[in-house]
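Structure assessment
Residues per chain are reported as follows:
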Amino acid sequence: AQSVTQPDIHITVSEGASLELRCNYSYGATPYLFWYVQSPGQGLQLLLKYFSGDTLVQGIKGFEAEFKRSQSSFNLRKPSVHWSDAAEYFCAVGARGNTPLVFGKGTRLSVIA
Amino acid sequence: KAGVTQTPRYLIKTRGQQVTLSCSPISGHRSVSWYQQTPGQGLQFLFEYFSETQRNKGNFPGRFSGRQFSNSRSEMNVSTLELGDSALYLCASSEISGGNEQFFGPGTRLTVL
């Protein structure tokens, strides 16, 4: 069965510092991978996705993620964090066919001045 | 295109009552998935409908049900509400069924007293 692990429940970074959020997945075949962001009381917004091809994918708001098959990871990065990036971030894994998306528990990002 | 809309945005019910939530997907999307989000359990998949047929179902009791209409709009119903049903209910739409890119609505916040 598919599963997603986000090892960090809460991360605090200073504004302007770099950010890396970790995501590890378990899936037998080549997965579809996603990062979503959720502001308090809101729905989820798609930041970026990986289906195939180039393992470094660019997303919105200056985020990028790298798919590493050997490590079963899809970590999210941003070179310089802004205060508005404070939110909850979810990694998800899917696949071609009928199986639904599986989400990680999320990582809450706090940004301090 | 307009995004996914959910109504109502907020709802307060008492134990034992039933509730119906509504979701209108992005125009042209035929798949609608429902999720329950709570602080303790994170995002949990309820069910997915595609072209009026339930394609997938999560591990929830039979009190949780749903349906999809010919215009792809979907409703979910929870009968005999329990305190533990208090959650943010998120709807997501997709062009195709399964673990593909999904677009989320803002959610319905249900509080059971």
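Presented here is an overview of the structure given in this document. Worth saying up front: this structure is predicted, and the values here are computed from it rather than measured. (Residues numbered from 1 in each chain as written. Chains lettered and ligands numbered in written order. Predicted model: local features only at pLDDT ≥ 70, side-chain atom pairs only at ≥ 80, totals over all residues. Heavy atoms only, no water.)

**Here we look at the pattern of salt bridges**
As a reminder, the rule being used: Salt bridges are counted wherever a side-chain nitrogen of Lys or Arg sits within 4 Å of a carboxyl oxygen of Asp or Glu. Where helices and strands are cited, they refer to DSSP runs of H or I of at least four residues and of E of at least two residues respectively, numbered from the N terminus. Throughout, exposure labels follow a simple rule: accessible area from a 1.4 Å probe, protein chains only, divided by the maximum for the residue type, with under 20% read as buried, over 50% as exposed, and the rest as partly exposed.
All told, the structure shown has 9 salt bridges over all chains when counted by the stated rule. Lys49(A) is paired through a salt bridge with Glu101(B); the nearest N and O atoms lie 2.5 Å apart. Separated into two different chains, Lys49(A) in strand 6 (residues 44-50) and Glu101(B) in the loop between strand 9 (87-94) and strand 10 (103-104) make up a pair that spans both. On the basis of relative accessible area, Lys49(A) is assigned to the partly exposed category, the value being 36%. On the basis of relative accessible area, Glu101(B) is assigned to the buried category, the value being 14%. For Lys78(A), the salt bridge goes to Asp85(A), with nearest N and O atoms at 2.8 Å. Just as Lys78(A) is buried, Asp85(A) falls in that class too. Because the salt bridges share partners, they merge into one network encompassing Glu64(A), Glu66(A) and Arg77(A).

**Describing the interface of chain A and chain B**
This is how it is decided: Here, two residues are considered to be in contact whenever any of their heavy atoms come within 4.5 Å of each other. For any pair of parts, buried area is found by adding up, for both, the accessible area (1.4 Å probe) each one loses once the two are put together. Here a polar contact is taken to be a pair of N or O atoms separated by no more than 3.5 Å, where protein atoms must pair a possible hydrogen donor with a possible acceptor and residues adjacent in sequence count only if both atoms sit in side chains.
Taken together, the contact pairs 21 residues of chain A with 21 residues of chain B. Note on chain A versus chain B: buried area summed over both sides is about 1600 Å², and carbon and sulfur give 50% of it. Applying the counting criterion to the chain A and chain B interface returns 1 salt bridge. Between chain A and chain B we count 4 residue pairs in polar contact (both at pLDDT 80 or more) in total.

**Observations regarding the state of the cysteines**
Note on terminology: a disulfide is the covalent bond linking the sulfur atoms of two cysteines. Residues and elements named next belong to chain A. Quick reminder of the rule: Cysteine sulfur atoms that come within 2.5 Å of each other are treated as a disulfide pair.
Applying the stated criterion to the full structure yields 2 disulfides over all chains. Between cysteine 23 and cysteine 91 runs a disulfide, and the two sulfur atoms are separated by 2.0 Å. Note on the cysteine 23 and cysteine 91 pair: the S-S dihedral is about -65°, so by sign convention the disulfide is left-handed. Here the residue cysteine 23 occupies a position in the loop between strand 3 (19-21) and strand 4 (24-26), and cysteine 91 occupies one in strand 10 (residues 87-94), the gap between them amounting to 68 residues. What makes cysteine 23 buried here is its relative accessible area of 0%. Judged by its relative accessible area of 0%, cysteine 91 is buried.

**Notes on the nonpolar core**
Soluble globular proteins tend to bury their nonpolar side chains together. Stated precisely, the cut-off is as follows: As used here, the term nonpolar core means buried Ala, Val, Leu, Ile, Met, Phe, Trp, Tyr and Cys residues forming a set that is joined through side-chain atoms within 4.5 Å.
Counting 26 residues, the largest nonpolar core has Leu19(A), Trp35(A), Leu47(A), Leu48(A), Phe74(A), Leu76(A) and Tyr89(A) as the members making the most contacts within it. The element that contributes the greatest number of residues to this core is strand 10 of chain A, accounting for 4 residues. The next biggest cluster of nonpolar side chains, apart from the first, holds 21 residues, and it includes Cys23(B), Ile26(B), Ala87(B) and Val112(B).

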